Amino acid sequence: MADTKREIERKFEFTKASAARRGVPDLTGTAAIAAVSDQGTVDLDAVYYDTPDHRLAADGLTLRRRTGGADAGWHLKLPVSPGVRDEIGAALSDTVPVQLAALLRSRVRGAGLEPQVRLLSSRKVSHLLDADGALLAELSTDTVRAERGAATAAWTEVEVELADGIDPVLLDAVEKAFRKAGLRVSDAPSKLARALTETETETETEAEAAAAGAGAEAGTGAAAGPEPRALPPADPGDGTAGAYVLAYLREQRDALVALDPAVRRALPDSVHQMRVATRRLRSAFKTYRKVLDRDVTDPIGEELRHLAAELGVDRDQEVLLERIQTHLEELPRTLLVGPVRGRLRTWNNSRRSGSRRRALAVLDSARYLTLLDSLDALLAEPPLCKAAGGRAERVLPKAVLRDYERLAGRVEAALAMEPGGERDVALHEARKAAKRARYAAEAATPALGKPAKRLTKAVKKVQSLLGDHQDSVVAREALRGLGIQAAAAGEPSFTWGVLYAREESLAERGERELPAVWAKTSEPGLRAALE
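Position numbers for residues start from 1 in each chain and track the written sequence from start to end. Note on the predicted model: pLDDT of at least 70 is required for a residue's local features to be given, and 80 or more for side-chain atom pairs to be given and counted; whole-chain, interface and lining totals, by contrast, use all residues. Here the side-chain values reflect all heavy atoms present in the structure, with hydrogen atoms and water set aside.

**Some words on the pairing of strand β4 (residues 73–81)**
Link 1 in the chain: Strands were regarded as paired on the criterion that DSSP finds at least two bridges between them. Going along the chain from the N terminus, every DSSP run of H or I of four or more residues is numbered as a helix, and every run of E of two or more is numbered as a strand. Both strand β3 (residues 62–67) and β4 contribute to a ladder of 5 bridges, which runs antiparallel. Of the residues in β4, the one forming a bridge with Leu-63 is Leu-76.
Link 2 in the chain: Bridge count between β4 and strand β5 (residues 84–90): 7 bridges; the pairing is antiparallel. Paired with Trp-74 across the two strands is Ala-90, which belongs to β5.
Link 3 in the chain: A loop of 2 residues connects β4 with β5, the two strands running antiparallel in sequence, and Gly-83 in this loop sits at a positive phi of about 80°.

**A word on the environment of Leu-331**
Link 1 in the chain: You can see Leu-331 is positioned in the loop between α9 (294–330) and α10 (340–352).
Link 2 in the chain: For each residue, the accessible area found with a 1.4 Å probe, counting protein chains only, is set against the maximum for its type, and the residue is called buried under 20%, exposed over 50%, and partly exposed in between. With relative accessibility at 11%, the residue Leu-331 sits in the buried group.
Link 3 in the chain: Only heavy atoms enter the contact rule, under which two residues are in contact if any of them lie within 4.5 Å. Setting aside chain neighbours within four positions, we find Leu-331 in contact with Leu-336, Thr-495, Val-498, Leu-499 and Arg-502.

**Describing unusual backbone geometry**
Glycine aside, a negative phi is what most residues show, and trans is what most peptide bonds show.
Link 1 in the chain: Of note in the backbone geometry, Ala-266 takes a positive phi value of approximately 60° without being a glycine.
Link 2 in the chain: Locating Ala-266 in the fold gives a position in the loop between α7 (241–264) and α8 (270–287).
Link 3 in the chain: Of note, Asp-269 is a non-glycine position whose phi angle comes to about 70°, a positive value.
Link 4 in the chain: Relative to the assigned elements, Asp-269 resides in the loop between α7 and α8.
Link 5 in the chain: For Asp-269, a relative accessible area of 36% translates into the label partly exposed.

**Let's talk about the packing of α8 against α9**
Link 1 in the chain: Lines fitted to C-alpha atoms define the axes here, with helix axes fitted over just the stretch in contact, and angles between the N-to-C directions of these axes take values from 0 to 180 degrees. Close contact between α8 and α9 brings their axes to 9 Å; oriented N to C, the two are set at 155°. With respect to each other, α8 and α9 are oriented roughly antiparallel. The chirality of how α8 crosses α9 is left-handed. Counted together, Val-271, His-272, Met-274, Arg-275, Thr-278, Leu-281, Arg-282 and Phe-285 of α8 and Thr-297, Ile-300, Gly-301, Leu-304, Arg-305, Leu-307, Ala-308, Leu-311, Gly-312, Arg-315 and Asp-316 of α9 form the full contact between these two elements.
Link 2 in the chain: Within the contact of α8 with α9, the residues separate by chemical class into 9 nonpolar, 5 polar and 5 charged. Here is the rule for angles: anything less than 35 degrees is roughly parallel, anything more than 145 is roughly antiparallel, 65 through 115 is roughly perpendicular, and the remaining ranges are oblique. Whether a crossing is left-handed or right-handed is set by the direction in which the near helix is turned from the far one by less than a right angle, anticlockwise for left-handed and clockwise for right-handed. As a working rule, the residues Ala, Val, Leu, Ile, Met, Phe, Trp, Tyr, Cys and Pro are called nonpolar, Asp, Glu, Lys and Arg charged, and the rest polar, with Gly in that last group.

**Digging into the environment of Val-263**
Link 1 in the chain: For Val-263, the location among the structural elements is in helix α7.
Link 2 in the chain: Residue contacts for Val-263: discarding those within four places in its chain leaves Ser-270, Val-271, Met-274, Arg-356 and Leu-363.

**Focus on the pattern of salt bridges**
Link 1 in the chain: In the sections that follow, a salt bridge refers to a side-chain nitrogen of Lys or Arg positioned within 4 Å of a carboxyl oxygen of Asp or Glu. For the structure on display, the rule yields 53 salt bridges.
Link 2 in the chain: Taking the shortest distance from any N to any O, the salt bridge between Arg-294 and Asp-298 comes out at 3.1 Å. One end of the pair, Arg-294, and the other, Asp-298, are both in helix α9, 4 residues apart, so they sit about a helical turn from each other.
Link 3 in the chain: In this structure Asp-298 comes out as partly exposed when scored by relative accessible area, which is 35%.

**As for the nonpolar core**
Link 1 in the chain: Formed by 66 residues in total, the largest nonpolar core has its most connected members in Leu-249, Leu-256, Tyr-288 and Leu-396.
Link 2 in the chain: The element best represented in this core is helix α14 (residues 421–448), accounting for 12 residues.
Link 3 in the chain: Contact partners of Leu-256, with chain neighbours within four places excluded, come to Met-274, Ala-277, Thr-278, Leu-281, Leu-304, Leu-307, Tyr-368, Leu-372 and Leu-375.
Link 4 in the chain: Ranked by size, the runner-up nonpolar core spans 18 residues in total, among them Ala-19, Val-160, Leu-170 and Val-174. To form a nonpolar core, buried Ala, Val, Leu, Ile, Met, Phe, Trp, Tyr and Cys residues must be joined to one another through side-chain atoms within 4.5 Å.

**Observations regarding helix α16 (residues 494–521)**
Link 1 in the chain: Each residue after the first adds 1.5 Å to the expected span of a helix. Taking 1.5 Å per residue as the helical rise, α16 with its 28 residues ought to reach 40 Å, and the 40 Å between its terminal C-alpha atoms agrees with that figure.
Link 2 in the chain: Along α16, the sharpest kink reaches roughly 35°, centred on Leu-514 and followed within four residues by the proline Pro-515.
Link 3 in the chain: Within α16, burial applies to Thr-495, Trp-496, Val-498, Leu-499, Glu-503, Leu-506, Ala-507, Gly-510, Glu-511, Leu-514, Trp-518 and Thr-521. To get the bend at a given residue, fit one axis to the seven residues ending there, fit another to the seven starting there, and take the angle between those axes.

**Considerations on the pairing of strand β8 (residues 151–162)**
Link 1 in the chain: Within β8, 9 of the 12 residues are buried, leaving the element largely enclosed by the surrounding structure.
Link 2 in the chain: Two elements, strand β1 (residues 4–14) and β8, share 4 bridges in a ladder whose sense is antiparallel. By the bridge assignment, Arg-10 is partnered in β8 with Val-160.
Link 3 in the chain: Of the strand pairs in this sheet, strand β7 (residues 135–148) and β8 are connected by 12 bridges, and their pairing is antiparallel. Each bridged residue has a counterpart across the sheet, and for Arg-145 the counterpart in β8 is Ala-154.
Link 4 in the chain: As consecutive antiparallel partners, β7 and β8 are separated by 2 residues, and within that stretch Gly-149 has a phi angle of approximately 65°, a positive value.

As far as function goes, none of this settles anything; it's purely spatial.
Right, dumping it as structure tokens:
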């Protein structure tokens, strides 16, 4: 795969024809801009690809094949935040490069990518330089012609893209200068979005004329077609429990799809966030089982569980390694006996071998794509139960409190046990119940407001404490194994024993703190506010 570049840019358009005739103002003296260097004009020819129903454009992604200019080739742009995108390039070829197609698989699936719009641009380029002649930003003025079938559109836009490492405050200063000259920030997030919008009316008019002509030729006066399928309410504004639950499920489905390319690119925390989305979906299916038919949701939940488990192979090892490394670095040098860092590297490499390839294979599998299709189908035609039509403020609290009671039972059972292996298992089960209760309250917050938000925050503290305890249990088992491996290789195992004892102490402290943390969660006021 070619280079990945982060673009921080702002697009502008002229507010009036008179402003367009005057052109872009001289930015010399604006903020740190000491000079504007003309780089000439270049002609660009770009064909934008998307699915027939424009799935990429709907999510703010663009895929183009462009000739002309210094960076001819394929470019995939992924949104990061407003005004910030990651551009991933690949060499010029006749078909979509496989490495870019993989990053789009969660959205495209079996729909296929086809040319949608052609943009012909004449680009005038200038460099904005500081007093030392260093590049601050690139200023481009594009005269654009969009072609979409027989429909066309034309406009002029101005773009300022920061050089690497430049403070985005420069864009604010440029925007202020542009406003005085009759330019404003463009409403369109990209050229493709503007092209689709500005050619849509003409395309629709042509389609309507064709349909009318076909109807007249058939002697019907209009083209007959199937009645559109009515979907259940998707807007929580109708106040039903079903609407709120479906809105939450859509949010998690969208997160799952959006995180797919991040996982493929190995971006920090992406695997963790993708697993969280799968857990939230599974928890919602279980918590709101009186809203959605479990005969439909249970099989999807099992597929989500499988996906989270496969993704977790690499993530769990990463978390475990970070914990051991952190505690190792905190030890005084006098307690580091033997080649402990080398032993840790060997151990980690042996456990992580092939785990990333395994995760990518899962994302490329037909099973995973079928799961995404199943989620789409569920959201398109939800298997709503009777409770789905009830008012959210009456239905959702019952579901949240049911999960809370489940958590309470597990915490209290674990606290009643003597310290040891059985208690560790019980606390782990309580941790899983805490996650489910937290996600239940989180999903209900848009409908129930502050009471659900307070419960989410309280349960999260319990989950965090129990999570740290479970991490300590797992770490102790790993440290025991490292000690055995070191001894078998003739190395001192002293340091591994020290770390084991430290983990044991941390776990005991967490168990002592749990009753107080749980007491805050079980305050009657928290429950009463939901009842």
